[in-house]
Amino acid sequence: MLAKRIIPCLDVDAGRVVKGVNFVGIRDAGDPVEVACRYNDEGADEITILDITASSDDRNTIVDVIEDVASNVFIPLTVGGGIRELNDIKRVLDAGADKVSINTAAVFRPEFVREASIYYGSQCIVVAIDAKRVVTATGSDWEIFTHGGRRSTGIDAVDWAQQMTEFGAGELLVTSMDRDGCREGFDNELNAIISASVAVPVIASGGVGNLDHLADGVIYGRADAVLAASIFHFGEYTIGEAKQHMQTRGIEVNL
Amino acid sequence: MMQKVVIVDVGSGNLFSVKNAIRTASPDVEVVVSRSIDVIQNADKLVLPGQGAMGSWLSGMNENGLMQPLLAATQHIPTLGICLGMQVMMDFSEEDGGIKGLGFFPGSVTRFHLSEPLGIHSMKIPHMGWNRVAQRVDHPLWFKIDDGKRFYFVHSYYVKADLSHQSVGETNYIEKFCSAIARDNLFAVQFHPEKSQQQGLQLLRNFVNWDGTP
């Protein structure tokens, strides 16, 4: 049987792994190559690198980081952040990434996802969906937000997930902006609805604070893979412990 | 003399990763990515990688004048097909409304279909992630790799081998399919050894050390 995947995520700023903890400040979590190698050795199923570099001067450092990481780890590598045109995709794939994650650019111009998947193949196109719960006349719903959850788009998250799949996304990375950084667990209701609405794999993201949250993401959120950052960065848990725990909860993992 | 492994540059797929993984698995071989006929003909080992659509893979080979040299070279040089590089070796693919393949193995390439309507229990397509490979036939490329070990897959089409003795590895996803196929000097896998941790590196090392006989 296909194993559920655990994907540690590295937020990289100007060549360093960083992670905001509960939205307060940014903690340095080390050198990306060292961190990636540690996760590779611990048995991570994939690694995701998000380039959050703000200054354009440092934008090219991400290519060096990808090359270094890809030369040292032999598991799939996804790179996101600043992917806006086909050339950006080429740049990171040539550096050794296996997949790219497209977020804001897809919201601004959905056709970009179609072009990217035709040109590079759906297997390497991940669409990142940042969703937030909104209150509606009939109850509550999820809407797509951009700019780190600050800007509303009026797009329904489930409709968007389906459209992105039709346009050729090979995988969806769904982040709950309500949960991100809160360590209270994924928004499993959101993930389960999206997972049941599309044929492609769904990665749950945003809100992991303990190992039960990872297992809940698969069992209740129907996720095919779970992504987390801070619980692994600061040595709280190893990837191996996370897999052991998921296995005890009856989930098939790659151990 | 140093052995030369040539990765055929078909313009698709993560060639950097394949090259890098072979170098790591076997530091004492020369690994080159090339589309030069001369280099391909004089290789000690050939790797056929590939991702994406079979039609563009084949037309890429034709446009570069590589088809005939490749057909000749793969008759005797030990060759490893990876992912799409496995699928192109079959007679026929149903991709793009039907395409004729290289015909190295009798059989076809077909698309996964959802096991049931979309819902909470349906299996996703593409088949993406770590799955088990059952070794159906002994082969030098399985050396030091446990039967049933997991490898990394990402694909929506899969191979149906006509001759069961050529299907040297099998995987279960929606249905049982051929995840490794072999005959004579040819060995091809649906998964990505270059992305499959130590077991992937071991398979690449086995390929480098292989003399091309089953």
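Residues numbered from 1 in each chain as written. Chains lettered and ligands numbered in written order. Predicted model: local features only at pLDDT ≥ 70, side-chain atom pairs only at ≥ 80, totals over all residues. Heavy atoms only, no water.

Quick word on the pairing of strand β4 (residues 79–82) of chain B
Residues in a regular strand project their side chains so that they alternate between the two faces of the sheet.
All names here are of chain B.
Right, on to step 1. Of the two faces of β4, the one lined by Thr-79 and Gly-81 and the one lined by Leu-80 and Ile-82 are each fully buried.
Right, on to step 2. Inspection of the sheet shows strand β3 (residues 45–48) paired to β4 by three bridges, in the parallel sense. The residue of β4 that forms the bridge with Val-47 is Leu-80.
Right, on to step 3. Across four bridges, the pairing between β4 and strand β14 (residues 186–189) is parallel. Along β14, the bridge assignment pairs Thr-79 with Leu-186. (Buried < 20%, exposed > 50% of the residue type's maximum accessible area, 1.4 Å probe, protein only. Helix = DSSP H or I, 4+ residues; strand = E, 2+ residues; numbered from the N terminus. Pairing = 2+ DSSP bridges.)

Focus: the confidence of the model for chain A
Right, on to step 1. Of all residues in chain A, 95% attain a pLDDT of 70 or more, and the chain-wide mean is 91.
Right, on to step 2. Ranking the helices and strands of chain A by mean pLDDT puts helix α10 (residues 239–248) of chain A first, with 98, and strand β3 (residues 24–30) of chain A last, with 67. (pLDDT = per-residue confidence, 0-100.)

Examining the interface of chain B and chain A
Right, on to step 1. Contacts between the two partners involve 31 residues from chain B, matched on the other side by 39 residues from chain A.
Right, on to step 2. In total, chain B and chain A occlude about 2,800 Å² of area from one another, counting both sides; carbon and sulfur atoms represent 53% of this.
Right, on to step 3. Looking at the side of chain B facing chain A, the largest losses of area belong to Lys124(B), Met128(B) and Trp130(B), adding up to 24% of the total buried there.
Right, on to step 4. Between Asp224(A) and Lys124(B) there is a salt bridge, with the nearest N and O atoms lying 3.1 Å from each other.
Right, on to step 5. If you look at where chain B meets chain A, you find 18 residue pairs in polar contact (both at pLDDT 80 or more).
Right, on to step 6. Contributing elements (two or more residues each) for the side of chain B that touches chain A: α1 (15–25), β8 (127–132), β10 (150–155) and α6 (197–209) of chain B.
Right, on to step 7. For the side of chain B that touches chain A, the residue count by class is 13 nonpolar, 13 polar and five charged. (Contact = heavy atoms within 4.5 Å. Buried area = accessible area lost by both parts, 1.4 Å probe. Salt bridge = Lys/Arg side-chain N within 4 Å of Asp/Glu carboxyl O. Polar contact = N/O pair within 3.5 Å; in protein donor to acceptor, adjacent residues only side chain to side chain. Nonpolar A, V, L, I, M, F, W, Y, C, P; charged D, E, K, R; others polar.)

A word on helix α1 (residues 32–42) of chain A
Along an α-helix, a turn takes 3.6 residues, which lines up residues three or four apart on a common side.
Residues and elements named next belong to chain A.
Right, on to step 1. Along α1, the residues that are buried comprise Pro-32, Val-33, Val-35, Ala-36, Tyr-39 and Asn-40. The arc enclosing the buried residues of α1, seen along the axis, measures out at 165 degrees, which places them on a common side. Residues of α1 that are exposed and angled more than 90 degrees away from the buried face: Glu-34 and Asp-41.
Right, on to step 2. Gly-43 lies just past α1 and shows a positive phi near 100 degrees. (Arc of directions from axis to C-beta.)

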